Amino acid sequence: MDIQIATLCDFAADYNGKMVINGTFDTLAAPKMPVIHPQCCLAMRLCITPEDSGNHKFTVNIIDEDGNALDDKMPIEADMPIELPENVPFMTRNLILNLQGLRFPEDGIYSIDISVDDELLSRIPLRIVEVDQQQQQQQPTA
């Protein structure tokens, strides 16, 4: 199993197997901590081969720099049975996970870990920064 795409974004949708991704990002700026990000998506595109057939456990976990889960709702786990039709060399599947109300207690580097059967397949970094809005407003614009 191969993850071809894994990104955080503002919006994602699957239209008949075609993935639409809007507003991909890796940094969130906030005027104070803690910060709650109201809504975003984790958009993933998986490539599956006959060797991947069987029952699997799919896991998404958002962790801080020390490896601690973001909150008690993490990790998110799902059963993922895979069965390819005969003579099909590969299939792709789009997975979109809508995330709402993510609360980041402090600034720093977080990671979105994507695992299958407890094997880490992808780690997406996410930087949370606290920004002084008064300083930003005083800076001249180009």
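Residues numbered from 1 in each chain as written. Predicted model: local features only at pLDDT ≥ 70, side-chain atom pairs only at ≥ 80, totals over all residues. Heavy atoms only, no water.

1. So, the sheet that holds strand E3 (residues 27-30)
Spelled out, the test is: In this analysis, strands are considered paired if DSSP registers two or more bridges between them. For the purposes of this entry, the term helix denotes a DSSP run of H or I that reaches at least four residues, the term strand denotes a run of E that reaches at least two, and both are numbered from the N terminus. Only the stretch in contact is used when a helix axis is fitted, and all axes are lines through C-alpha atoms; the angle between N-to-C directions ranges over 0 to 180 degrees.
Sheet architecture is open: five strands sit in the order E3-E9-E8-E5-E6, paired in mixed fashion. A strand with exactly one partner marks an edge of an open sheet, and here the two such strands are E3 and strand E6 (76-82). Taking each pair of neighbouring strands and ignoring which way they run, the sheet shows an average axis angle of 20°. Pairing of E3 with strand E9 (residues 119-130), which is carried by four bridges, proceeds in the parallel orientation. Residue pairing for E9: Thr27 is matched across the bridge by Arg127.

2. Side note on the sheet that holds strand E2 (residues 18-25)
Backbone hydrogen bonds hold the strands of a sheet together, and the pairing may be parallel or antiparallel. Spatial strand order, E2-E1-E4-E7: four strands in an open sheet with antiparallel pairing. Looking at the sheet topology across the chains shown, the edges are occupied by E2 and strand E7 (91-104). Going from strand to strand, the sheet's axes swing by 45° on average, the running direction of each strand aside. Where strand E4 (residues 35-48) lies against E7, 13 bridges are found, and the strand directions are antiparallel. Paired with Ile36 across the bridge in E7 is Arg103.

3. A few points about the nonpolar core
Our working definition: Nonpolar cores were defined as sets of buried Ala, Val, Leu, Ile, Met, Phe, Trp, Tyr and Cys residues, with membership established by side-chain atoms within 4.5 Å. Exposure is judged per residue with a 1.4 Å probe applied to protein chains only, and the accessible area is read against the type maximum: over 50% gives exposed, under 20% gives buried, and values in between give partly exposed.
Ranked by internal contacts, the top residues of the largest apolar core, which has 31 residues, are Leu8, Leu42, Leu102, Phe104, Ile112, Leu126 and Ile128. Of all the secondary-structure elements, those providing two or more residues to this core are strand E1 (2-15), E3, E4, strand E5 (54-63), E6, E7, strand E8 (108-116) and E9. With six residues, the single largest contributor to this core is E4.

4. With respect to the packing of aromatic side chains
Applied cut-off: Geometry of aromatic contacts follows a simple scheme: Phe, Tyr and Trp rings, the Trp one being its six-membered ring, pair when their centres are within 6.5 Å, and the pair is stacked under 30 degrees between planes, edge-to-face over 60, tilted otherwise.
With the rule as written, the count across this model stands at one aromatic pair. Pairing Phe104 with Tyr110 gives two aromatic rings, centres 5.0 Å apart and planes at 75°, and the pair type is edge-to-face. For the residue pair Phe104 and Tyr110, the accessibility class agrees, reading buried in each case.

5. As for the side chain of Asp113
Applied cut-off: Contact criterion: two residues are considered in contact whenever any of their non-hydrogen atoms come within 4.5 Å of each other.
Along the chain, Asp113 turns up in strand E8. Residue classification places Asp113 among the buried positions, given a relative accessible area of 9%. In contact with Asp113, other than residues within four places in its own chain, are Thr59, Val60, Asn61, Ile63, Leu120, Ser122 and Arg123.

6. Focus on the pattern of salt bridges
What counts, and what does not: Here, a salt bridge means any side-chain nitrogen of Lys or Arg that lies within 4 Å of a carboxyl oxygen of Asp or Glu.
Overall, the coordinates contain three salt bridges when judged by the stated rule. Where Lys57 meets Glu77, a salt bridge forms, and the shortest distance between an N and an O atom there is 3.9 Å. One end of the pair, Lys57, is in strand E5; the other, Glu77, is in strand E6, with 20 residues separating them in the sequence. By relative accessible area, Lys57 is classed as partly exposed at 28%. Linking Arg123 and Asp113 is a salt bridge whose minimum nitrogen-to-oxygen distance equals 2.7 Å.

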